[in-house]
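Working through the structure, step by step
So the chains spell out like this:
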Amino acid sequence: MRQKFIMNIIVCIKQVPNTTDVRIDPLTNTLIREGVESVINPFDAYAIEEAVRLKERLGGKVTALTMGPPQAENALKEAISLGCDEAVLVSDRKFAGSDTWATSYTLSAAIKKLGAFDVIICGKQASDGDTAQVGPGISAHLNIPQVTYVKKIEQISAASAKVERMTEEGYDIVETPLPCLFTVVKEINTPRLPSMRGMMKAKSVKVTKWTADDIEADPRLLGLDGSPTRVVKIFTPAPRKGGEILNGDTADIARELAELLKDAVI
Amino acid sequence: MADSITIFLDKCTGCTLCVKACPFGAIHMANKKAVIDMAVCTLCGACVEACKFRAIELKKTAGGKKDLSKYKDVWVFCEQKQGVIQSISYELLGEGKKLAGELGVKLCAVILGSGIESKIGELSARGADKIYFVDHPALKSYQDDPYTEVLVKLAEEYFPEIILCGATTIGRSLVSRVAVRINAGLTADCTALDIDKKERLLLQTRPAFGGNIMATIITPNHRPQMATVRHKVMKEAGTFSSNKAEVVRKSYPEAVLSSRTRLLDVVKEIEETVNLAEADIIVSGGRGLGGPENFSVIKELAKVLNAAVGASRAAVDSDWIPYSHQVGQTGKTVCPRLYIACGISGQIQHLIGMQSSDIIVAINKDPDAPIFKIATYGIVGDVLQVVPALTKEFKRILNK
């Protein structure tokens, strides 16, 4: 029989605006934010699910970690309802303006304070920024190995894991020692819905809240000061206009369309 | 002293223009005055521009300007897989040449691999002035550790001003690590690059919020300025067969080349005849197909057009086709010359992944489907009739 061991798993999540709610004001051409719900980044749902599955299989605990404004606590409570055991919110005005460098530094400082761990799991990217840079950034700050775009954890033991890493053409099979960091893609699992027990727990759970001082971070590396990049301009691309609707008999339309597309397909 | 943003309450009229302008939802009204939530604000300045009453001031501190003059040249990390240079690298060499010209510096190709001597000629012919060349069995296939270490070592020795890399699975994994190690700014998935000549800054423009807004990002005080660039956006470098690049051969001790992870196998999925991200034409199917068996009409059209097969999330979640085909927010972002959406209604999550395609064709039986709002050409009808008819016509046109 396989030896059980205690897995210490950290899941990094982000609260993002729900894209289904993202609408553009046709007059001002800007994003309408009123009434936009905040949700857990869709990719992080797979990270949470995979962490909870590992724990259920092997024993251990899952800590959900996020950096964000105070209201990001809601995302952590949702993570608890989905099976995470503990939750940590790193929140401080000093983090304002963080780019991916400063964000990954801040999260890595929080992880150091959490102590020993076996695996860190992140979603492959967040749906608002779409950078995919924070996961690898965390592993670089912690100097641990990483495997990105993981679509399957084939084997995992106390010392190592064998995983499938999605590529443009298929996948790589990669072996990594633990502790390590994975970023995961959608294919890895189907997330469960919150359980009744989980929802009860989410109500009563006490989310640990840490400030910049608590995580003993170097203030020069936080927020805007710690961010090499600056956003200098934000604009809305001209919305794509709908074109023509072709009408008529199917065979005629097909002929017409094929002619219209002739240059594009040759 | 950090940058700061201030609202002058005497000037604020409570007009809420700034609230609407803020891409991050960081401003709300309290007692008819604007209030900025500093935990959310990124100091992007969109509100400053939007305010008609000059009630918002953004102070950007120059800071102790570092001497960045030792950083020169534009580097392109050239991705190779099994000895084949990926087309994104040629796109970056094309773009890099322009940027290097603006800055009056050299365009340098960086290539890591094993048994890649013949690549020197290829990169030279694509206009590189200089090639940093590291050839070692440990670098045969991409692995995070040795590739990171080598790129860090190179950057620390030769001080590039700019490093460009494809926004591919390899590129994004690699340079995210490198940027942290060398304390550089990194901007993901750029779709436009330009140079501010006076400040010698790389202006990096990228979509955010799924392409609903565009942001231009700079790295003022750190070098190199690093960016990953989206595939198929920049034009490939032409060939200059007479060009002779200077070659800098580097070798590194085992400690630098060792890897904690081990690549056990590389599996190619045969179903994927054409790589979605690379495809010039994509034919995509959605729930409107009615069932998995009907993907055959999509595949047939794709075959005639030499196109890749895409799918909506709905089709993937119904197990009609593997996830590797999914286009959209939780799948792949694509921008082919031609995208044919068959039986796809056009949920925002799907549109995010394909709306920058040059030409979009939508075939759907519901005339109110949102996909028609962005389609160049729309056909309201049954996909199972229209698509085979189209296949027939294309066969005729292409003499197949």
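Keep in mind the model is a prediction, meaning the values are calculated, not measured. (Residues numbered from 1 in each chain as written. Chains lettered and ligands numbered in written order. Predicted model: local features only at pLDDT ≥ 70, side-chain atom pairs only at ≥ 80, totals over all residues.)

What follows is about the overall build of chain A. For chain A, the helix and strand inventory stands at seven helices and 15 strands. With respect to the principal axes defined by its C-alpha atoms, chain A has extents near 65 × 50 × 40 Å. Residues counted as buried form 54% of the 266 residues belonging to chain A. The long-range share in chain A, meaning contacts at least 24 apart out of those at least 6 apart in sequence, stands at 70%. (Helix = DSSP H or I, 4+ residues; strand = E, 2+ residues; numbered from the N terminus. Buried ≥ 20, exposed ≤ 12 C-beta atoms within 10 Å, placed from the backbone. Contact = placed C-beta atoms within 7 Å.)

Now for the overall build of chain B. Counting secondary structure elements, chain B contains eleven helices and 22 strands. With the principal axes as the frame, chain B shows a C-alpha extent of 70 × 65 × 40 Å. Residues counted as buried form 53% of the 400 residues belonging to chain B. Intrachain contacts of chain B at a sequence separation of at least 6 include 64% that bridge at least 24 residues.

Moving on, we come to the interface of chain A and chain B. Contacts between the two partners involve 82 residues from chain A, matched on the other side by 90 residues from chain B. By residue class, the composition of the side of chain A that touches chain B is 39 nonpolar, 25 polar and 18 charged. Pairing of strand S11 (residues 170–177) of chain A with strand S17 (residues 262–268) of chain B involves six bridges; the strand directions are antiparallel. By the bridge assignment for S17 of chain B, Val174 of chain A is matched with Leu263 of chain B. (Nonpolar A, V, L, I, M, F, W, Y, C, P; charged D, E, K, R; others polar. Pairing = 2+ DSSP bridges.)

Let us look at the nonpolar core. Val11, Ile48 and Ala79 of chain A are the most contacted members of the largest nonpolar core, which has 154 residues in total. Among the elements that line this core, the one with the most residues is helix H1 (residues 42–58) of chain A, at eight residues. Taken together, domain 1 (4–59) and domain 2 (74–257) of chain B each give at least three residues to this core, which thus spans both. Look past the residues within four positions of Ile48 of chain A in its chain and what remains in contact with it is Val11, Ile13, Ala64, Ala79, Leu82, Cys84 and Pro191 of chain A. Core analysis: the second largest hydrophobic core is formed by 54 residues, Ile281, Ala311, Leu338 and Ile363 of chain B among them. (Core = buried A, V, L, I, M, F, W, Y, C linked by C-beta atoms within 7 Å. Domains from an automatic or database assignment.)

So, on to helix H5 (residues 144–158) of chain B. Residue and element names in this part refer to chain B. Compared with the 21 Å implied by 1.5 Å per residue over 15 residues, the 21 Å span of H5 between its first and last C-alpha is a close match. Within H5, the full set of buried residues consists of Asp144, Pro146, Tyr147, Thr148, Val150, Leu151, Leu154 and Ala155. Positive backbone phi, approximately 50 degrees, marks Phe159, located one or two places after H5. (Expected span 1.5 Å × (residues − 1).)

Time to look at the sheet that holds strand S12 (residues 192–196) of chain B. Across the sheet, four strands lie side by side as S14(A)-S14(B)-S13(B)-S12(B); this open sheet has antiparallel pairing. Each of the sheet's edge strands pairs with one partner strand only, and the pair in question is strand S14 (230–235) of chain A together with S12 of chain B. Across the sheet, the mean angle from the axis of one strand to that of its neighbour is 25 degrees, orientation sign disregarded. Summarising the sheet, S14 of chain A and strand S14 (residues 213–218) of chain B pair through five bridges and their orientation is antiparallel. Within S14 of chain B, the position partnered with Arg230 of chain A by the bridge is Ile218 of chain B. (Axes fitted to C-alpha atoms, helices over the stretch in contact; angles between N-to-C directions.)

A few words on the domain arrangement of chain B. Considered domain by domain, chain B is made up of domain 1 (4–59), domain 2 (74–257) and domain 3 (276–397). In this structure, domain 1 of chain B and domain 2 of chain B have C-alpha centres spaced 38 Å apart.

The omega angle of the peptide bond from Leu178 of chain A to Pro179 of chain A is -5 degrees, so this bond is cis rather than trans. By secondary structure assignment, the location of Pro179 of chain A is in the loop between S11 and strand S12 (180–184).

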